[in-house]
Amino acid sequence: MSAGALLTLQGLRKTYNEGLPNAEEVLHGIDMDIAAGEFTALIGPSGSGKSTLLNIIGLLERASSGLYRLAGDDVTQLSDDARTHARHATLGFIFQFHHLLPAFTALENVMLPALINGDHATVESRARAAGLLDAVGLKDAHRKKPGELSGGMQQRVAIARAGAFPAFGARR
Ligand SMILES: Nc1ncnc2c1ncn2[C@@H]1O[C@H](COP(=O)(O)OP(=O)(O)OP(=O)(O)O)[C@@H](O)[C@H]1O
Ligand SMILES: [Mg+2]
(Lines give C-alpha, C1' and ligand atoms only; values in the text may rest on other atoms or scores of the structure.)
(Ligands and ions follow the chains in the order given, each with its own letter.)
Protein backbone atom coordinates (compact mmCIF):
# COMPACT_ATOMS: atom_id res chain seq x y z
CA MET A 1 0.00 0.00 0.00
CA SER A 2 1.54 3.32 -0.99
CA ALA A 3 1.26 6.10 1.57
CA GLY A 4 -0.23 8.66 -0.80
CA ALA A 5 -2.93 6.46 -2.32
CA LEU A 6 -6.35 8.05 -2.53
CA LEU A 7 -7.95 4.66 -2.62
CA THR A 8 -6.53 1.36 -1.41
CA LEU A 9 -8.07 -2.10 -1.61
CA GLN A 10 -6.42 -5.09 0.05
CA GLY A 11 -7.65 -8.64 -0.26
CA LEU A 12 -11.12 -7.48 -1.16
CA ARG A 13 -13.66 -10.26 -1.55
CA LYS A 14 -17.34 -10.24 -2.35
CA THR A 15 -19.72 -13.15 -2.13
CA TYR A 16 -23.35 -12.74 -3.09
CA ASN A 17 -25.92 -14.78 -1.15
CA GLU A 18 -23.38 -15.60 1.53
CA GLY A 19 -24.27 -18.69 3.55
CA LEU A 20 -26.94 -19.82 1.07
CA PRO A 21 -26.74 -22.72 -1.39
CA ASN A 22 -26.55 -20.26 -4.27
CA ALA A 23 -23.59 -18.36 -2.75
CA GLU A 24 -21.25 -17.03 -5.41
CA GLU A 25 -17.87 -15.39 -4.84
CA VAL A 26 -17.56 -12.66 -7.43
CA LEU A 27 -14.45 -10.79 -6.24
CA HIS A 28 -11.62 -13.05 -5.17
CA GLY A 29 -9.16 -10.87 -3.25
CA ILE A 30 -8.47 -7.60 -5.03
CA ASP A 31 -5.38 -5.54 -4.23
CA MET A 32 -5.34 -2.10 -5.80
CA ASP A 33 -4.08 1.43 -5.21
CA ILE A 34 -5.29 4.51 -7.02
CA ALA A 35 -3.40 7.78 -6.56
CA ALA A 36 -4.97 11.24 -6.64
CA GLY A 37 -5.21 12.47 -10.21
CA GLU A 38 -4.79 8.99 -11.66
CA PHE A 39 -7.13 7.90 -14.44
CA THR A 40 -8.07 4.23 -14.17
CA ALA A 41 -10.20 2.10 -16.46
CA LEU A 42 -11.62 -1.19 -15.25
CA ILE A 43 -12.08 -3.69 -18.06
CA GLY A 44 -13.18 -7.30 -18.10
CA PRO A 45 -15.76 -9.69 -19.56
CA SER A 46 -19.45 -9.38 -18.83
CA GLY A 47 -20.21 -10.81 -15.41
CA SER A 48 -16.61 -10.58 -14.18
CA GLY A 49 -17.49 -8.21 -11.33
CA LYS A 50 -16.77 -4.67 -12.60
CA SER A 51 -20.07 -3.21 -11.41
CA THR A 52 -19.78 -5.09 -8.13
CA LEU A 53 -16.33 -3.59 -7.55
CA LEU A 54 -17.49 -0.08 -8.50
CA ASN A 55 -20.50 -0.41 -6.21
CA ILE A 56 -18.15 -1.31 -3.35
CA ILE A 57 -15.69 1.47 -4.19
CA GLY A 58 -18.70 3.83 -4.42
CA LEU A 59 -19.84 2.72 -0.96
CA LEU A 60 -23.14 1.50 -2.37
CA GLU A 61 -22.38 -2.10 -1.45
CA ARG A 62 -20.23 -3.76 1.22
CA ALA A 63 -17.36 -6.15 0.61
CA SER A 64 -17.57 -9.54 2.33
CA SER A 65 -14.00 -9.22 3.58
CA GLY A 66 -10.81 -7.29 2.99
CA LEU A 67 -9.76 -3.70 3.52
CA TYR A 68 -10.97 -0.57 1.78
CA ARG A 69 -9.26 2.69 2.61
CA LEU A 70 -10.62 5.89 1.06
CA ALA A 71 -8.83 9.23 1.37
CA GLY A 72 -6.84 7.87 4.31
CA ASP A 73 -9.81 6.45 6.23
CA ASP A 74 -10.67 2.78 6.68
CA VAL A 75 -14.25 2.72 5.40
CA THR A 76 -14.64 -1.06 5.63
CA GLN A 77 -16.56 -1.08 8.90
CA LEU A 78 -18.42 2.24 8.75
CA SER A 79 -22.08 2.43 9.74
CA ASP A 80 -24.60 3.05 6.98
CA ASP A 81 -24.92 6.70 8.01
CA ALA A 82 -21.17 7.24 7.98
CA ARG A 83 -20.93 5.53 4.59
CA THR A 84 -23.60 7.83 3.21
CA HIS A 85 -21.68 10.81 4.52
CA ALA A 86 -18.34 9.60 3.14
CA ARG A 87 -19.95 8.86 -0.22
CA HIS A 88 -21.41 12.29 -0.39
CA ALA A 89 -18.23 14.07 0.69
CA THR A 90 -15.70 12.24 -1.48
CA LEU A 91 -17.26 10.51 -4.48
CA GLY A 92 -18.74 11.58 -7.77
CA PHE A 93 -20.65 9.23 -10.04
CA ILE A 94 -21.45 9.31 -13.72
CA PHE A 95 -23.98 6.60 -14.49
CA GLN A 96 -24.71 5.09 -17.86
CA PHE A 97 -28.11 6.72 -17.58
CA HIS A 98 -27.47 10.29 -16.49
CA HIS A 99 -30.15 10.55 -13.75
CA LEU A 100 -30.52 14.32 -14.09
CA LEU A 101 -33.60 15.85 -12.48
CA PRO A 102 -35.83 16.95 -15.38
CA ALA A 103 -37.49 19.89 -13.60
CA PHE A 104 -34.18 21.55 -12.73
CA THR A 105 -31.87 23.52 -14.99
CA ALA A 106 -28.40 22.25 -15.87
CA LEU A 107 -26.93 24.68 -13.33
CA GLU A 108 -29.31 23.53 -10.59
CA ASN A 109 -28.53 19.88 -11.33
CA VAL A 110 -24.81 20.57 -10.87
CA MET A 111 -25.55 22.47 -7.65
CA LEU A 112 -27.47 19.51 -6.20
CA PRO A 113 -24.55 17.81 -4.39
CA ALA A 114 -23.87 21.08 -2.54
CA LEU A 115 -27.57 21.58 -1.78
CA ILE A 116 -27.94 18.02 -0.48
CA ASN A 117 -24.91 18.67 1.69
CA GLY A 118 -26.92 21.45 3.39
CA ASP A 119 -25.07 24.32 1.72
CA HIS A 120 -27.41 27.04 0.63
CA ALA A 121 -27.41 28.29 -2.93
CA THR A 122 -24.66 30.79 -2.26
CA VAL A 123 -22.98 32.95 -4.86
CA GLU A 124 -19.96 30.69 -4.38
CA SER A 125 -21.71 27.36 -4.97
CA ARG A 126 -23.48 28.84 -7.98
CA ALA A 127 -20.18 30.14 -9.41
CA ARG A 128 -18.53 26.78 -8.81
CA ALA A 129 -21.32 24.92 -10.60
CA ALA A 130 -21.15 27.42 -13.46
CA GLY A 131 -17.38 26.88 -13.73
CA LEU A 132 -17.87 23.10 -13.90
CA LEU A 133 -20.46 23.48 -16.68
CA ASP A 134 -18.16 25.85 -18.57
CA ALA A 135 -15.35 23.30 -18.26
CA VAL A 136 -17.42 20.66 -20.07
CA GLY A 137 -18.31 23.09 -22.86
CA LEU A 138 -21.80 24.02 -21.71
CA LYS A 139 -21.33 27.76 -21.22
CA ASP A 140 -24.55 28.55 -23.06
CA ALA A 141 -26.68 25.84 -21.49
CA HIS A 142 -26.74 26.78 -17.79
CA ARG A 143 -30.43 27.62 -17.80
CA LYS A 144 -31.62 24.79 -20.01
CA LYS A 145 -33.53 21.82 -18.64
CA PRO A 146 -32.20 18.31 -19.42
CA GLY A 147 -35.06 17.75 -21.91
CA GLU A 148 -33.80 20.70 -23.94
CA LEU A 149 -30.30 19.25 -24.26
CA SER A 150 -28.85 16.55 -26.53
CA GLY A 151 -27.89 13.18 -25.07
CA GLY A 152 -24.21 14.07 -25.05
CA MET A 153 -24.91 17.42 -23.44
CA GLN A 154 -26.97 15.73 -20.74
CA GLN A 155 -24.11 13.34 -20.07
CA ARG A 156 -21.74 16.33 -19.80
CA VAL A 157 -24.03 17.89 -17.19
CA ALA A 158 -23.76 14.59 -15.29
CA ILE A 159 -19.95 14.78 -15.62
CA ALA A 160 -19.98 18.33 -14.22
CA ARG A 161 -22.25 17.20 -11.38
CA ALA A 162 -19.86 14.31 -10.59
CA GLY A 163 -17.15 16.92 -9.98
CA ALA A 164 -19.35 18.94 -7.63
CA PHE A 165 -19.02 16.84 -4.47
CA PRO A 166 -17.94 18.87 -1.44
CA ALA A 167 -14.41 17.49 -0.93
CA PHE A 168 -13.42 17.88 -4.57
CA GLY A 169 -12.46 21.54 -4.36
CA ALA A 170 -10.68 21.00 -1.05
CA ARG A 171 -8.29 18.44 -2.54
CA ARG A 172 -7.07 20.67 -5.35
N1 LIG B 1 -27.21 -8.49 -6.44
C2 LIG B 1 -26.67 -9.63 -6.88
N3 LIG B 1 -27.00 -10.82 -6.35
C4 LIG B 1 -26.45 -11.96 -6.78
N5 LIG B 1 -25.51 -12.03 -7.74
C6 LIG B 1 -25.15 -10.88 -8.31
C7 LIG B 1 -25.70 -9.62 -7.92
N8 LIG B 1 -25.13 -8.65 -8.68
C9 LIG B 1 -24.28 -9.28 -9.49
N10 LIG B 1 -24.26 -10.61 -9.28
C11 LIG B 1 -23.42 -11.59 -9.98
O12 LIG B 1 -22.07 -11.20 -9.81
C13 LIG B 1 -21.33 -11.42 -11.01
C14 LIG B 1 -20.67 -10.10 -11.42
O15 LIG B 1 -21.67 -9.17 -11.80
P16 LIG B 1 -21.31 -7.66 -12.19
O17 LIG B 1 -22.59 -6.98 -12.40
O18 LIG B 1 -20.38 -7.11 -11.16
O19 LIG B 1 -20.51 -7.91 -13.55
P20 LIG B 1 -19.94 -6.86 -14.60
O21 LIG B 1 -18.48 -7.15 -14.74
O22 LIG B 1 -20.33 -5.48 -14.21
O23 LIG B 1 -20.69 -7.30 -15.93
P24 LIG B 1 -21.21 -6.39 -17.19
O25 LIG B 1 -20.00 -6.14 -18.03
O26 LIG B 1 -22.16 -7.34 -17.86
O27 LIG B 1 -21.86 -5.17 -16.66
C28 LIG B 1 -22.33 -11.98 -12.01
O29 LIG B 1 -22.19 -13.38 -12.00
C30 LIG B 1 -23.68 -11.63 -11.46
O31 LIG B 1 -24.63 -12.60 -11.78
MG1 LIG C 1 -21.58 -4.01 -15.10
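First things first, this report covers the structure right here in the doc. (Residues numbered from 1 in each chain as written. Chains lettered and ligands numbered in written order. Predicted model: local features only at pLDDT ≥ 70, side-chain atom pairs only at ≥ 80, totals over all residues. Heavy atoms only, no water.)

**So, the packing of helix H3 (residues 106-116) against helix H4 (residues 123-135)**
Angle between the axes and distance between the axes: these two values describe a pair of packed helices.
Then step 1. Orientation of H3 relative to H4, taken along the N-to-C sense of each, is 120°, at an axis distance of 9 Å. If you check the angle between H3 and H4, you find them oblique. Remark: the crossing between H3 and H4 carries right-handed chirality. Only Ser125, Arg126, Ala129, Ala130, Leu132 and Leu133 of H4 make contact with H3, whose side of the interface consists of Ala106, Leu107, Val110, Met111 and Ala114.
Then step 2. Grouping the amino acids of the contact of H3 with H4 by side-chain chemistry returns nine nonpolar, one polar and one charged. (Axes fitted to C-alpha atoms, helices over the stretch in contact; angles between N-to-C directions. Helix = DSSP H or I, 4+ residues; strand = E, 2+ residues; numbered from the N terminus. Parallel < 35°, antiparallel > 145°, perpendicular 65-115°, else oblique. Left-handed = near helix turned anticlockwise from the far one by under 90°. Contact = heavy atoms within 4.5 Å. Nonpolar A, V, L, I, M, F, W, Y, C, P; charged D, E, K, R; others polar.)

**Topic: the nonpolar core**
Then step 1. Core analysis: the largest hydrophobic core is formed by 17 residues, its most contacted members being Leu107, Val110, Leu133, Leu138, Val157 and Ala160.
Then step 2. Those residues in contact with leucine 133 that sit more than four places away from it in its chain are Ala106, Leu107, Val110, Leu138, Lys139, His142, Val157 and Ala160. (Core = buried A, V, L, I, M, F, W, Y, C linked by side-chain atoms within 4.5 Å. Buried < 20%, exposed > 50% of the residue type's maximum accessible area, 1.4 Å probe, protein only.)

**Some thoughts on the packing of aromatic side chains**
Then step 1. Tallied over the entire structure, the rule returns one aromatic pair.
Then step 2. With a centroid separation of 5.4 Å and 5° between ring planes, the pair formed by phenylalanine 93 and phenylalanine 95 is classed as stacked.
Then step 3. For phenylalanine 93, a relative accessible area of 24% puts it in the partly exposed group. (Phe/Tyr/Trp six-rings, centres within 6.5 Å; stacked < 30°, edge-to-face > 60°.)

**Overview of the environment of glutamate 25**
Then step 1. Within the secondary structure layout, glutamate 25 lies in strand E2 (residues 24-35).
Then step 2. For glutamate 25, a relative accessible area of 33% puts it in the partly exposed group.
Then step 3. For glutamate 25 and serine 64, which are 39 residues apart along the polypeptide, the C-alpha to C-alpha distance reads 9.3 Å.
Then step 4. If we ignore the near neighbours within four places in the chain, the residues touching glutamate 25 are Arg13, Lys14 and Thr15.
Then step 5. Polar side-chain contacts of glutamate 25 include one of 3.0 Å to the side chain of arginine 13.
Then step 6. A distance of 2.8 Å separates polar atoms of two side chains, one belonging to glutamate 25 and the other to histidine 28. (Polar contact = N/O pair within 3.5 Å; in protein donor to acceptor, adjacent residues only side chain to side chain.)

**Some thoughts on the site of ligand 1**
Then step 1. Taken together, the neighbourhood of ligand 1 is formed by Tyr16, Asn17, Glu24, Val26, Pro45, Ser46, Gly47, Ser48, Gly49, Lys50, Ser51 and Thr52.
Then step 2. At 2.9 Å from an oxygen atom of ligand 1 is found a main-chain nitrogen or oxygen belonging to serine 51.
Then step 3. At a separation of 2.6 Å, an oxygen atom of ligand 1 approaches a polar side-chain atom of threonine 52.
Then step 4. Within the complex, 58% of the 640 Å² of free accessible area of ligand 1 lies under protein.
Then step 5. Those elements that place two or more of their residues in the shell around ligand 1 are E2 and helix H1 (50-57).
Then step 6. It is H1 that provides the largest number of residues to the shell around ligand 1, a total of three residues. (Near = heavy atom within 4 Å. Areas by Shrake-Rupley, 256 points an atom, 1.4 Å probe, with all protein chains shown as cover.)

**Concerning the pattern of salt bridges**
Then step 1. In this structure the tally under the stated criterion is four salt bridges.
Then step 2. Across the pair arginine 62 and aspartate 80 runs a salt bridge, and its minimum N-O distance is 2.8 Å. Placement of the pair is arginine 62 in the loop between H1 and strand E3 (65-70) and aspartate 80 in helix H2 (residues 80-90), with a sequence separation of 18 residues.
Then step 3. Take aspartate 80: its relative accessible area is 52%, and that puts it in the exposed class. (Salt bridge = Lys/Arg side-chain N within 4 Å of Asp/Glu carboxyl O.)

**Section: the side chain of threonine 8**
Then step 1. As for its position among the elements, threonine 8 is in strand E1 (residues 5-16).
Then step 2. Threonine 8 gets classed as buried once you look at its relative accessible area, which sits at 2%.
Then step 3. At 2.9 Å, the side chain of threonine 8 and the side chain of aspartate 33 are in polar contact.

**Examining the side chain of histidine 98**
Then step 1. Looking at the secondary structure, you find histidine 98 in the loop between H2 and H3.
Then step 2. By relative accessible area, histidine 98 is classed as buried at 13%.
Then step 3. The residues contacting histidine 98, other than those within four sequence positions of it, are Gln154, Gln155, Ala158 and Arg161.

In short, the description is geometric, and any link to function would need to be established separately.
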